[in-house]
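Each chain, written out:
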Amino acid sequence: MKKIYLFGIILFVAASLFAQQSGTVQYQETRKLAIHIDGDMPPPPGLPTEHTMKTLLFFTAEKSLYQNDTANTDNMNIDRESEDGGRVFIQMAPPDNKVYCDLTDKKVIQQRDFLQRMFLIETALASDGWKLTGKQKMILNYPCSEATKVIDSTKTVTVWYTPAIPVSTGPFNYVGLPGLVLEVNVNNGEQVITALSVTKTVDEKMIVKPKDGKKVTEDEFNKIVEEKMKEMGGGPG
């Protein structure tokens, strides 16, 4: 019995060593839209309530890069008249955001595109705070486990990660779990990211640190966004 038990341990260790350590994931990212019109006039009917785009994650055991899948994402263009003769024109292109995670040195570099201005934000990799719920489900034939996290008391994040791919990364900076994150749900559907495909090949030349933009802290960037939104008469988000 001891020999059989020891043989089982060896097989398990061998399987872990040969588990997928690099690859490319295509995700679908959907965000809820809140469109406001100046004054008391309600938005005209038929306007979109959400925006969907494709994104890509390139990863190895040491690093990852999350960015737009520009070849498979269309810009949003809306030009229509309302019942009272007004006109609504909306043109929206996905911002050129990138998130680079150094899984060895525990650092994150974000390239943020805000109103056609580029910013670079470097922070420590926030890998703690996750609570494992014990729930499980299958995504793309990968067994996944659920974990939740509350960020800044305003954002509740639920993710599904797969230990079958033991790389501690995922979309954006949702990292620090014992497996690749294949699904993200922020604030009960405000933002949903779901893996569409996982491949075992990756072009490591794509995983480079973002360099374009003004270096700022996260607090400085948030202040810039807040002040600009006030100037434009908008709110946070």
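Structural data are supplied above this passage.
Everything quoted here is computed from the prediction, not taken from an experiment.

(A) Quick peek at a negative patch on the surface. On the surface, Asp152, Glu218, Asp219 and Glu220 cluster together into a negatively charged patch. Relative to the assigned elements, Glu218 resides in helix α2 (residues 218-231). Judged by its relative accessible area of 40%, Glu218 is partly exposed.

(B) Fine view of the nonpolar core. Of all hydrophobic cores here, the largest spans 33 residues; its most connected members are Val25, Val159, Leu182 and Val184. Sorting the residues of this core by element identifies β1 (23-32), β2 (50-59), β6 (98-102), β10 (142-151), β11 (155-162), β12 (180-186) and β13 (191-199) as the ones contributing at least two each. In terms of residue count, β12 provides more of this core than any other element does, 5 residues in total. Not counting residues within four places of it along the chain, the set of residues in contact with Leu182 comprises Tyr27, Ile139, Tyr142, Cys144, Trp160, Tyr161, Thr162, Ile193, Thr194, Ala195 and Val198.

(C) Spatial organisation of the environment of Ile151. Structurally, the position occupied by Ile151 is in strand β10. Look past the residues within four positions of Ile151 in its chain and what remains in contact with it is Val157 and Tyr174.

(D) Layout of the packing of aromatic side chains. Within the structure shown, the criterion is met by 5 aromatic pairs. A ring pair is formed by Tyr66 and Phe172, whose centres lie 5.0 Å apart and whose planes are at 50°; its orientation type is tilted. Of this pair, Tyr66 sits in strand β3 (residues 63-68) while Phe172 sits in the loop between β11 and β12, placing them 106 residues apart in sequence. Exposure remark for Tyr66: the relative accessible area of 3% places this residue in the buried category. Given a relative accessible area of 18%, Phe172 falls into the buried group. A centroid spacing of 5.4 Å and a plane angle of 70° characterise the contact between Phe119 and Phe221, whose relative ring orientation is edge-to-face. Of the two residues, Phe119 is situated in strand β8 (residues 117-124) and Phe221 in helix α2; the sequence distance between them amounts to 102 residues. Just as Phe119 is buried, Phe221 falls in that class too. Ring pairing ties together the aromatic residues Tyr27, Tyr66, Phe172 and Tyr174, which thus form one cluster.

(E) Structural view of unusual backbone geometry. Although it is not a glycine, Phe172 adopts a positive phi angle of roughly 55°. Notably, Asn187 is not glycine yet its phi reads approximately 50°, a positive angle. Along the chain, Asn187 falls in the loop between β12 and β13.

Analysis parameters
Residues numbered from 1 in each chain as written. Predicted model: local features only at pLDDT ≥ 70, side-chain atom pairs only at ≥ 80, totals over all residues. Heavy atoms only, no water. Patch = residues over 30% accessible without salt bridge, like charges linked within 9 Å, V, L, I, M, F, W, Y side chains within 5 Å. Areas by Shrake-Rupley, 256 points an atom, 1.4 Å probe, with all protein chains shown as cover. Salt bridge = Lys/Arg side-chain N within 4 Å of Asp/Glu carboxyl O. Lys, Arg positive; Asp, Glu negative; His and termini not counted. Charge placed at Lys NZ, Arg CZ, Asp CG, Glu CD. Helix = DSSP H or I, 4+ residues; strand = E, 2+ residues; numbered from the N terminus. Buried < 20%, exposed > 50% of the residue type's maximum accessible area, 1.4 Å probe, protein only. Core = buried A, V, L, I, M, F, W, Y, C linked by side-chain atoms within 4.5 Å. Contact = heavy atoms within 4.5 Å. Phe/Tyr/Trp six-rings, centres within 6.5 Å; stacked < 30°, edge-to-face > 60°.

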